[in-house]
Amino acid sequence: MREQDPKTRIKNFSEVPYGYSEEEAVKEAGRCLQCKKAPCVSGCPAEIDVPGFIKAIKEKRFEDAIAVLKKTNSLPAVCGRVCPQEDQCEKMCVLMKAGRAINIGNLERFAADWELARRPKTAGNVQKGARGEKEKVAVIGAGPAGLTCAADLAKLGYKVTLFEGLHKPGGVLTYGIPEFRLPKTIVDMEVSGIQDIGVEIKYNFIAGKTKSIDQLRKEDYKAFFVGTGAGLPLFLGIDGENLNGVYSANEFLTRVNLMKAYKFPEYDTPVEIGKKVAVIGAGNVAMDSARCALRLGAEKVYIVYRRTEEEMPARIDEMHHAKEEGIEFHLLTNPVRSEGDENGKVKRLICLKNKLGEPDESGRRRPVPIEGSEFSLEMDTVVIAVGNGPNPLLLKSIEGLKLGRKGNVQADESGRTSVSDIFAGGDIVTGSATVIAAMGAGKQAARAIDSYLSSAR
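Note that the structure is predicted; figures quoted are calculated from it, not measured. (Residues numbered from 1 in each chain as written. Predicted model: local features only at pLDDT ≥ 70, side-chain atom pairs only at ≥ 80, totals over all residues. Heavy atoms only, no water.)

S.K.: Help me understand empty space enclosed by the protein, please; the structure alone is not making it clear to me.
M.R.: Any space left empty among the atoms is revealed by the rolling of a water-sized probe across them. Inspection of the entire model under this criterion finds two cavities of 30 Å³ or more. Together, 15 residues line the largest cavity, and C32, C35, C40, C93 and V94 are the ones closest to its centre. Of all the secondary structure elements, the ones that give two or more residues to the lining of the largest cavity are α3 (39–42) and α4 (50–58). When residues in the lining of the largest cavity are grouped by element, the largest group, three residues, is from α4. Here the lining of the largest cavity is composed, by residue class, of 15 nonpolar, no polar and no charged. Of the volumes computed, that of the second largest cavity is approximately 100 Å³. Lining of the second largest cavity is provided by 16 residues; of these, C44, I48, Q85, C89 and E108 occupy positions nearest its centre. Broken down by secondary-structure element, the contributors of at least two residues to the lining of the second largest cavity are α4 and α8 (104–118). Taken together, the residues of the lining of the second largest cavity sort by class into 11 nonpolar, four polar and one charged. (1 Å grid on protein atoms, 1.4 Å probe; cavity = no way out; pocket = protein on both sides within 12 Å on 5 of 7 lines; lining within 4 Å. Points joined across faces, edges and corners; volume = space filled by probe spheres on them. Helix = DSSP H or I, 4+ residues; strand = E, 2+ residues; numbered from the N terminus. Nonpolar A, V, L, I, M, F, W, Y, C, P; charged D, E, K, R; others polar.)

S.K.: Help me out: how do you make sense of the packing of helix α2 (residues 22–29) against α8 in this one?
M.R.: The packing of two helices is summarised by the inter-axis angle and the distance between the axes. Relative to each other, α2 and α8 sit at 140 degrees, their axes nearing to 10 Å. The two elements α2 and α8 meet at a crossing, and its hand is left-handed. The residues of α8 that touch α2, namely those facing E22, A25, E28 and A29, are L107, F110, W114 and R118. In terms of residue class, the contact of α2 with α8 is made up of five nonpolar, no polar and three charged. (Axes fitted to C-alpha atoms, helices over the stretch in contact; angles between N-to-C directions. Left-handed = near helix turned anticlockwise from the far one by under 90°. Contact = heavy atoms within 4.5 Å.)

S.K.: Looking at this structure, how should I read the sheet that holds strand β3 (residues 200–202)?
M.R.: Each strand in a sheet pairs with its neighbour through backbone hydrogen bonds, running either in the same direction (parallel) or in the opposite one (antiparallel). Reading across from one edge, β3-β2-β1-β4-β16 is the order of the five strands in this open sheet, with parallel pairing throughout. Every interior strand has two partners, whereas the edge strands, β3 and β16 (422–424), have only one. Averaged over all adjacent pairs, the angle separating strand axes in this sheet is 25 degrees, with direction ignored. Inspection of the sheet shows strand β1 (residues 136–140) paired to strand β4 (residues 221–226) by five bridges, in the parallel sense. For A138, the partnering residue across the bridge sits in β4 and is F224. Along the sheet face, helix α9 (residues 144–155) touches β1, β2 (159–163) and β4 and points at about 165 degrees away from the line of β2. Along the sheet, helix α18 (residues 435–456) contacts β1, β4 and β16; its crossing angle with β4, the most-contacted strand, is approximately 160 degrees. (Pairing = 2+ DSSP bridges.)

Written as structure tokens, this is what we have:
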């Protein structure tokens with residue numbers, strides 16, 4: 001797919017890939033073998049009829065293509081941009097054996113963008129669809145899991161209200177993923193489509209504080225889905241993490257994306273970036289943080305990771321883009337402390353070199369520090385992107401809800417928890433994972449809620 005030149009894009013927050021033209025999309029769709037068993041479908045958590053929508057694109061029936069996608073996926077423009085298709089549907093493609101799978105994600109993005117470009121525009125007003133006739137269901141958290149669960153329940157005829165703690169919907173889609181990967185206009189339009197089918201959204205609602213689950217039960221909500229994600233940042237527990245200039249990736253990306261720090265002073269939220277920035281971690285969040293820092297004016301940005309590139313959890317595309325943009329990788333490197341100046345501002349990161357030992361519980365080889373290998377990296381800014389945990393505010397307020405060792409909700413594959421009317425899915429159950437995995441969990445929970453409420457009638 002055509003993209004912005006790296007030297008140009010590091011100076012802006014515009015989307016990097018341009019997307020397919022109609023001619024390019026039809027040509028790519030023409031490569032699909034239309035397999036009868038379609039192994040690609042089994043690789044999609046959103047259960048998309050992949051051959052069906054691709055065939056419609058091939059035949060230039062673009063309206064039919066988006067209709068096929070939306071039967072099972074309420075966020076196709078999002079998925080086409082941020083889902084790891086290379087590890088899911090495309091990995092299962094028969095043509096992968098020949099080394100070149102169908103670009104399913106790019107085709108999904110094309111169909112979704114085609115529809116969004118033709119959707120009737122309103123004067124800033126959301127067209128709200130009719131509410132269903134069935135029971136009231138509360139969905140807590142307007143991230144990918146909650147949005148998917150809410151949409152699927154609305155399609156089944158339930159009166160769904162989505163309660164969101166922030167002033168904008170989308171969860172990680174809005175506060176976590178940068179504009180150059182996922183434009184927020186796309187998220188807003190996808191959410192408006194979910195409102196179109198009857199989902200009501202209430203913002204600035206802190207579940208467990210604004211109102212408890214018990215209070216919502218008294219308002220006649222008959223079932224609940226908890227999809228509040230994993231928004232509590234984790235730290236390394238090393239000296240110097242309280243220095244000025246040391247950010248959690250959550251704070252850094254929220255300032256940049258949700259609060260528009262990259263448009264300061266047009267927006268009121270500044271974010272201080274020095275000349276040299278170290279991002280600790282090597283997942284997608286780390287790559288997003290590093291690439292944002294570069295666009296905010298850093299002269300040098302480093303990824304500091306304790307294992308090798310082979311073990312990096314980030315998407316291949318994200319690592320490729322980061323390298324193209326000049327981000328440097330310090331691999332087999334373990335931070336041990338940050339040091340600051342007399343004003344409490346971070347000035348250097350002290351690290352040890354590692355070697356790889358035996359595999360740990362993750363299945364990856366464990367990093368082992370090399371004695372006597374300590375060295376320093378001069379830094380003005382450090383961003384810690386080593387994972388997230390669940391916010392305990394809501395969870396601790398629900399009597400009888402069983403939590404795991406790390407504070408995550410215990411739920412089965414369908415989203416059922418230890419409390420009969422409460423279901424959960426996404427990062428609040430699994431810990432930090434992918435957008436599409438959260439969406440898949442939302443779909444499973446919607447089915448389970450429908451079964452639960454149907455059996456209670």
